[in-house]
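A structural walkthrough
Here is how the chains run, residue by residue.
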Amino acid sequence: MSSDRSKDVTPPPLPAPLTVPVADSHTHLDMQSGTVEEGLAKAASVGVTTVVQVGCDVNGSQWAADIAAAHPSVHATVALHPNEAPRIVLGDPDGWSRQGERPAGGDAALDEALAEIDRLAALPHVKGVGETGLDQFRTGPEGMAAQERSFRAHIEIAKRHGKALVIHDRDAHDDVLRILKEEGAPERTVFHCYSGDAAMAKVCAENGYYMSFAGNVTFKNAQHLRDALAVAPRELVLVETDAPFLTPAPYRGRPNAPYLIPVTLRAMAAVKGLDEDTLAAAVAANTARAFDY
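Calculation rules
- Residues numbered from 1 in each chain as written.
- Predicted model: local features only at pLDDT ≥ 70, side-chain atom pairs only at ≥ 80, totals over all residues.
- Heavy atoms only, no water.
- Buried < 20%, exposed > 50% of the residue type's maximum accessible area, 1.4 Å probe, protein only.
- Helix = DSSP H or I, 4+ residues; strand = E, 2+ residues; numbered from the N terminus.
- Arc of directions from axis to C-beta.
- Phe/Tyr/Trp six-rings, centres within 6.5 Å; stacked < 30°, edge-to-face > 60°.
- Salt bridge = Lys/Arg side-chain N within 4 Å of Asp/Glu carboxyl O.
- Contact = heavy atoms within 4.5 Å.
- Pairing = 2+ DSSP bridges.
- Right-handed = clockwise from strand over helix to strand, strands pointing away.

Those residues of helix 8 (residues 223–231) that sit buried are Leu 225, Arg 226, Ala 228 and Leu 229. Across the axial projection of helix 8, the buried residues extend over an arc of 160 degrees, all falling on one side.

Attention shifts here to unusual backbone geometry. Here Gly 130 and Glu 131 are connected by a cis peptide whose omega angle stands at 15 degrees. When you line up the elements, Glu 131 lands in strand 4 (residues 126–135). For the peptide bond that leads from Ala 243 to Pro 244, omega is 15 degrees, which places it in the cis range. Position of Pro 244 among the secondary structure elements: in the loop between strand 8 (237–239) and helix 9 (261–272). Of note, the phi angle at Asp 171 is positive, near 55 degrees, even though the residue is not glycine.

This structure, assessed with the given rule, holds two aromatic pairs. On the basis of an interplanar angle of 40 degrees and a centroid distance of 5.8 Å, the ring pair of Phe 191 and Tyr 209 is categorised as tilted. A residue pair is termed long-range when its members are at least 10 positions apart, and Phe 191 in strand 6 (residues 189–191) and Tyr 209 in the loop between helix 7 (198–207) and strand 7 (210–213) qualify at 18 residues. Plain terms: the ring middles of Tyr 194 and Phe 213 are 5.4 Å apart, the flat faces sit at 45 degrees to each other, and that makes the pair tilted. With Tyr 194 in the loop between strand 6 and helix 7 and Phe 213 in strand 7, this pair connects stretches of sequence that are 19 residues apart.

Within the structure shown, the criterion is met by 15 salt bridges. Among the salt bridges present, the one from Asp 8 reaches Arg 254, with a minimum N-O distance of 3.5 Å. Here Asp 8 is found in the segment before strand 1 (22–27), whereas its partner Arg 254 is found in the loop between strand 8 and helix 9, with 246 residues between them in sequence. With relative accessibility at 34%, the residue Asp 8 sits in the partly exposed group.

The subject of this paragraph is the environment of Val 190. With respect to the element layout, Val 190 can be found in strand 6. With near-sequence residues (within four places) excluded, Val 190 lies in contact with Leu 165, Val 166, Ile 167, Tyr 210, Ser 212, Leu 238, Ala 290 and Phe 291.

Moving on, we get to the pairing of strand 7. Of the two faces of strand 7, both are covered, the one formed by Tyr 210 and Ser 212 as well as the one formed by Met 211 and Phe 213. Examined bridge by bridge, strand 6 and strand 7 share two bridges and lie parallel to one another. Note on strand 7: the bridge partner recorded for Phe 191 is Met 211. In this fold, the crossover linking strand 6 to strand 7 by way of helix 7 has right-handed handedness. Here strand 7 runs beside strand 8; their pairing, made up of three bridges, is parallel. Along strand 8, the bridge assignment pairs Phe 213 with Val 239. On the question of chirality, the crossover connecting strand 7 to the parallel strand 8 by way of helix 8 is right-handed.

Below, the structure written as structure tokens:
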């Protein structure tokens, strides 16, 4: 039990239901409280009828694939998170990740893990390869070679299997865009938890990359995200929770879950000057197109 009394762990209340159903394009059901069935039922009760469950490591990717196989409303993506690749190669003596402490495995261990992601990516209920990409916030210079090698391998896997590529881009915009250009992006590429500015949104739009906005678009200090959303073409916009993280205002800091999508979607509709049904219909169609379901 944490002694930190300042953290409010009570789940936020149910928002008013959406009248046009939408999908949560990026969530982590394995990190949320309650059963998967409870989470899906709660989400469906407010019009969030589809979720994309995202893998971040070999075990989590297998779990995502299994859950998607068991639930028609769940689609899976599989990957080694950008921070996972250096951990596999260099080891993780501090064990800050969910996997705990682990020894260095070198390039051979990374190849082995990538082969497992490749195997899972071939499954019909796996609709994407991700979250992959670059994270220069958590991974220092010593880990960048492993991270970049992993990212390039994921791009190749996504293209070979005809799956969407789901990108985690933290403090690495220019390098992510450069590598996508060098490798040739898959036909369907999604910037999860879009974090760039309006200028980058225009570059993404020119390339046909989808931009998925999370609860942080509602944060006071995130005007650059609202500016990006304002210029992002309606046909390239998705909505996500990244739950249990990035809970939208006014519930920031409390646990996030797919049922809170309506809060973010309504804030996004206000930014784009659209009524919520119009944006919901666009987002629902975009997500189905992006993940080919």
